[in-house]
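One letter stands for each residue in the lines below.
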Amino acid sequence: MAEQPTVADSTTLMLVTVGRLLSRRVDEELATQGLTLRHLGALGHLSHRPDLSYSDLARRAGVTTQSMHTTVRALEEQGAVVRVLAGHGHAARLEITEHGRKLLARVAEAAVRLDEELFGHLSAEQVAGLRAGLTALAAAPRRLPL
């Protein structure tokens, strides 16, 4: 007779549990820079695509446009983003400042430290397998109803 699966056997539940732990650690690290994951996402998107509107940013983050206005306002208050007026009848353009670029660089350095802290005990093959599995999972959006 086959054994019944248990909750502990669930890959989904294991990912959720580990994800929460990792998320807390990332949140702590970002807080040292005065950022949240939403701030980081907006900065990252704008660093590659300064032509994105508030609505574009909101869609990419899965939040309302109003919520993204609040996020961008906080980045402006930090001096990480400036709003450049394009002229009458044109939407303002959001640009990353030098301070914003420095924040992104510091977060990249922190990410390297976190990877070492959190995954340094794994072999290179295990890390590669984990990355490959997560990449494959993320590439199948129709299987992940968001």
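It should be noted that the structure appears before, not after, this text.
Notes on the structure follow.

Criteria and thresholds
Residue positions are counted from 1 within each chain, in the order its sequence is given. Where local features are concerned, this predicted model is filtered to residues with pLDDT of at least 70; where side-chain atom pairs are given and counted, the filter is 80 or more; whole-chain, interface and lining totals use all residues. Hydrogen atoms and water are omitted, and side-chain values are computed over all heavy atoms in the structure. Each residue gets one of three labels from its accessible area relative to the maximum for its type: buried under 20%, exposed over 50%, partly exposed in between, using a 1.4 Å probe on protein chains only. Helix and strand assignments come from DSSP, with helices taken as H or I runs of at least 4 residues and strands as E runs of at least 2, each series counted from the N terminus. Strands qualify as paired when DSSP identifies two bridges or more between them. One fewer than the residue count of a helix, multiplied by 1.5 Å, yields its expected span. It is the directions from the helix axis to the C-beta atoms that the arc portrays. Only heavy atoms matter for contacts: two residues are in contact if any of them lie within 4.5 Å across the pair. In this scheme, patches are assembled from residues that exceed 30% relative accessible area and form no salt bridge. Like charges are connected within 9 Å, while nonpolar side chains (Val, Leu, Ile, Met, Phe, Trp, Tyr) are connected within 5 Å. Here, Shrake-Rupley sampling with a 1.4 Å probe gives the accessible areas, and only protein chains in the shown set may cover a residue. Salt bridges are identified by distance alone: a Lys or Arg side-chain nitrogen within 4 Å of an Asp or Glu carboxyl oxygen. Note on method: axes are straight lines fitted to C-alpha atoms, helices fitted across the in-contact stretch only, with angles between N-to-C directions ranging 0 to 180 degrees. Oblique is the label for any angle not covered by the other classes, which are roughly parallel (under 35 degrees), roughly antiparallel (over 145) and roughly perpendicular (65 to 115). Throughout, a crossing is termed right-handed when the near helix is turned clockwise from the far one, and left-handed when it is turned anticlockwise from it by less than a right angle. Polar here means any residue other than Ala, Val, Leu, Ile, Met, Phe, Trp, Tyr, Cys and Pro, which are nonpolar, and Asp, Glu, Lys and Arg, which are charged; Gly is therefore polar.

Side chains of strand E2 (residues 93–96) alternate between two faces, with Leu94 and Ile96 buried and Arg93 and Glu95 left unburied. Looking at chain direction, strand E1 (residues 81–84) and E2 are connected through four bridges and run antiparallel. By the bridge assignment, Arg83 is partnered in E2 with Leu94.

Turning next to helix H4 (residues 65–78). With 14 residues, H4 should reach 20 Å at 1.5 Å per residue; the first-to-last C-alpha distance of 20 Å fits that figure. Residues of H4 that are buried: Met68, Thr71, Val72 and Leu75. The buried residues of H4 occupy an angular sector of 95 degrees when the element is viewed end-on, so they sit on one face. Opposite the packed face of H4, turned more than 90 degrees from it, sit the exposed residues Gln66 and Glu77. Buried-residue contacts for H4 involve helix H2 (37–48), helix H3 (54–61), E1 and E2. Two residues or fewer past H4, Gly79 is found with a positive phi of approximately 85 degrees.

On the surface, a nonpolar cluster with roughly 310 Å² of combined accessible area is contributed by Leu15, Leu130, Leu134 and Leu137. The topology assignment puts Leu137 in helix H6 (residues 124–138).

On to the side chain of His39, then. Here His39 shows up in helix H2. Not counting the four nearest positions on each side in its chain, His39 is found in contact with Gly34, Thr71, Ala74 and Leu75.

It is worth spelling out the packing of H2 against helix H5 (residues 98–119) at this point. Look at H2 against H5: their axes get within 11 Å of each other, and the N-to-C directions meet at 115 degrees. One finds that H2 runs roughly perpendicular with respect to H5. As H2 runs across H5, the sense of the crossing is left-handed. Residues Leu40, Leu43, Gly44 and Ser47 of H2 touch H5, and the partners they reach there are Gly100, Leu103, Leu104 and Val107. For the contact of H2 with H5, a count of residues per class yields five nonpolar, three polar and no charged.

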